[in-house]
Amino acid sequence: MITIALPNKGRLSEKGLELFERAGLRAEFTSERALVATLGNDFRAIFVRAADVPEFVADGVAEAGVTGADLVAESGRNIRTLLDLGFGRCRLAVAVPEGSAITGLEDVPEGSRVATSFPCLTSRFFAAADIAVELAQVSGAAEIAPHLGVADVIVDLVSTGSTLRVNGLREVATVLESTARLVTSRQAWADPGCRTRMEELVAALESVLRAEQKRYLMANVPRGRLDEVKHVLPGINGPTILEVSDGGDWVAAHAVVDEDRVYQTITALKRLGAEGILVTSIERLMP
């Protein structure tokens with residue numbers, strides 16, 4: 001079996017398990033508190049801290065893993081990203097107290113004390129900007145550091161920015177953007193049998209992610225306006241046109257459309273005289 005290291009709690013864990021289940025790989029646990037689960041016949045999951053996933057993968061404990069791009073970058077381990085999973089979107093940001101004179105990275109004074117739980121990324125970021133700073137490593141709640149006099153600046157994960165605002169802080173720079181990633185070790189990827197299984201896994205997960213932004217649309221359209229309908233419903237390779245039983249002047253047009261274009265597409269079809277329009281979600285979509 002291919003072992004996949006998954007986060008044991010939080011949104012990355014919840015969204016990761018949901019994605020795998022939608023791809024046909026439902027986690028089956030032997031007990032409620034089990035830290036190991038089967039994922040179909042070919043994979044098994046082990047549940048660890050998200051921050052530890054890069055280490056487990058790099059050290060060969062697991063052939064693949066799911067964790068944030070920020071944690072992969074912070075680890076510095078030589079692992080390969082196979083797929084951007086899209087969820088867990090956030091950014092690692094530089095923030096200062098509202099009353100600070102700092103408005104941008106260039107305003108950070110030499111020797112500033114920076115509180116963060118991402119010392120490696122923070123060190124590299126300020127070094128690249130040629131600003132010498134002193135790091136104050138914390139394990140969490142970096143937002144409180146400036147109020148306690150522990151630091152002048154913080155570098156922390158930000159999603160909506162509401163936590164910063166509540167704590168009287170504002171962003172002045174972005175270190176990196178992050179989402180959940182499927183990763184593997186270089187050694188596992190070099191193994192032909194393991195690589196084949198993981199390529200199949202990537203294809204299955206991609207099919208679910210691809211389907212999330214698409215909808216399947218069906219409509220009865222006038223036969224005489226098919227040329228115009230084809231411009232409205234381009235689909236993946238053009239719409240599928242089906243004969244309607246005893247339809248006469250009507251045919252059925254089926255196509256995959258972008259979710260954010262559904263409203264405009266329906267409006268355009270109605271103008272062409274379309275009837276019986278039906279829109280459904282798609283579970284999986286292979287190219």
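Before reading on, note that the structure itself is shown above.
Residues numbered from 1 in each chain as written. Predicted model: local features only at pLDDT ≥ 70, side-chain atom pairs only at ≥ 80, totals over all residues. Heavy atoms only, no water.

Student: Looking at this model, I keep getting lost on the overall build of the chain. Mind explaining?
Tutor: Scanning the chain for helices and strands turns up nine helices and 16 strands. Against the compact-globule benchmark of 19 Å for 287 residues, the chain has a radius of gyration of 25 Å, which places it well outside the compact range. With the C-alpha coordinates aligned to their principal axes, the bounding extent of the chain is approximately 80 × 50 × 35 Å. Residues classed as buried in the chain amount to 44% of the 287 residues present. (Helix = DSSP H or I, 4+ residues; strand = E, 2+ residues; numbered from the N terminus. Rg over C-alpha atoms; globule rule 2.2 N^0.38 Å. Buried < 20%, exposed > 50% of the residue type's maximum accessible area, 1.4 Å probe, protein only.)

Student: Just to check I follow, could you spell out the nonpolar core for this structure?
Tutor: Ranked by size, the top nonpolar core spans 52 residues in total, and within it Phe20, Leu85, Val94, Phe126, Leu182 and Leu205 carry the most contacts. Considering every element that reaches this core, the biggest residue donor is helix α7 (residues 192–212), with eight residues. When residues no more than four places from it in sequence are discounted, the contact partners of Phe20 are Ile4, Leu6, Leu25, Arg26, Leu39, Val66, Leu201 and Leu205. Residues Ala219, Leu226, Val229 and Ala253 belong to the second largest nonpolar core, which totals 14 residues. (Core = buried A, V, L, I, M, F, W, Y, C linked by side-chain atoms within 4.5 Å. Contact = heavy atoms within 4.5 Å.)

Student: Honestly, the packing of helix α1 (residues 10–22) against α7 in this entry has me stumped. Any pointers?
Tutor: Packed helix pairs are specified by the crossing angle of their axes together with the interaxial distance, meaning the distance between the axes. Between α1 and α7, the least distance of the axes is 9 Å, while the angle of their chain directions is 100 degrees. Taken together, the axes of α1 and α7 are roughly perpendicular relative to one another. Within the contact between the two elements, α1 uses Leu19, Phe20 and Arg22 and α7 uses Leu201, Leu205, Val208, Leu209 and Glu212. (Axes fitted to C-alpha atoms, helices over the stretch in contact; angles between N-to-C directions. Parallel < 35°, antiparallel > 145°, perpendicular 65-115°, else oblique.)

Student: Would you take a moment to explain unusual backbone geometry for this structure?
Tutor: Most peptide bonds are trans, and most residues other than glycine sit at a negative phi. Positive phi outside glycine occurs at Asp130, with the angle close to 60 degrees. Assignment of secondary structure puts Asp130 in the loop between α4 (119–128) and β9 (134–137). With a relative accessible area of 64%, Asp130 lands in the exposed category. The backbone of Ala141 shows a phi angle near 55 degrees, a positive value even though the residue is not glycine. Looking at where Ala141 falls in the secondary structure, it is placed in the loop between β9 and β10 (153–158).

Student: Can you help me understand a nonpolar patch on the surface in this one?
Tutor: Together, Ile144, Leu148 and Val150 make up an exposed nonpolar region whose accessible area comes to about 250 Å². Here Leu148 shows up in the loop between β9 and β10. On the basis of relative accessibility, which here comes to 60%, the residue Leu148 falls in the exposed class. (Patch = residues over 30% accessible without salt bridge, like charges linked within 9 Å, V, L, I, M, F, W, Y side chains within 5 Å. Areas by Shrake-Rupley, 256 points an atom, 1.4 Å probe, with all protein chains shown as cover. Salt bridge = Lys/Arg side-chain N within 4 Å of Asp/Glu carboxyl O.)

Student: How should I be thinking about the layout of surface pockets in this particular structure?
Tutor: Over the atoms, a rolling probe the size of a water molecule traces out where space has been left empty. What the largest pocket holds in volume is close to 1,100 Å³. Around the largest pocket, the lining comprises 37 residues; the ones closest to its centre are Ala50, Asp70, Leu71, Phe118 and Leu157. Of all the elements in the fold, those that place two or more residues in the lining of the largest pocket are α1, α3 (69–75), β10 and α5 (162–166). Broken down by element, the lining of the largest pocket gets its largest block of residues, four residues, from α3. Across the lining of the largest pocket, the residue classes tally to 13 nonpolar, 15 polar and nine charged. (1 Å grid on protein atoms, 1.4 Å probe; cavity = no way out; pocket = protein on both sides within 12 Å on 5 of 7 lines; lining within 4 Å. Points joined across faces, edges and corners; volume = space filled by probe spheres on them. Nonpolar A, V, L, I, M, F, W, Y, C, P; charged D, E, K, R; others polar.)

Student: Hey, could you run me through α1 in this one?
Tutor: For the α-helix, the turn length of 3.6 residues means that residues three or four positions removed from each other point alike. For α1, spanning 13 residues, the distance from its first C-alpha to its last is 19 Å, which sits close to the expected 18 Å at 1.5 Å a residue. For α1, the set of buried residues is Leu12, Ser13, Gly16, Leu19 and Phe20. Taken around the axis of α1, the buried residues stretch over an arc of 140 degrees, which confines them to a single face. The outward face of α1, more than 90 degrees from its buried face, is lined by the exposed residues Arg11 and Glu14. (Expected span 1.5 Å × (residues − 1). Arc of directions from axis to C-beta.)

Student: Before we go on, may I ask you to explain the pattern of salt bridges in this structure?
Tutor: Two side chains of opposite charge can pair, provided their charged atoms sit close to one another. This model, assessed by the stated rule, comprises 15 salt bridges. As a salt-bridge pair, Glu134 and Arg113 come within 2.5 Å of each other at their nearest N and O atoms. Residue Glu134 is located in strand β9, and its partner Arg113 is located in strand β8 (residues 113–116); the two are separated by 21 residues in the primary sequence. Since its relative accessible area comes to 42%, Glu134 is described here as partly exposed.

Shape is all these values report; function is a separate question.
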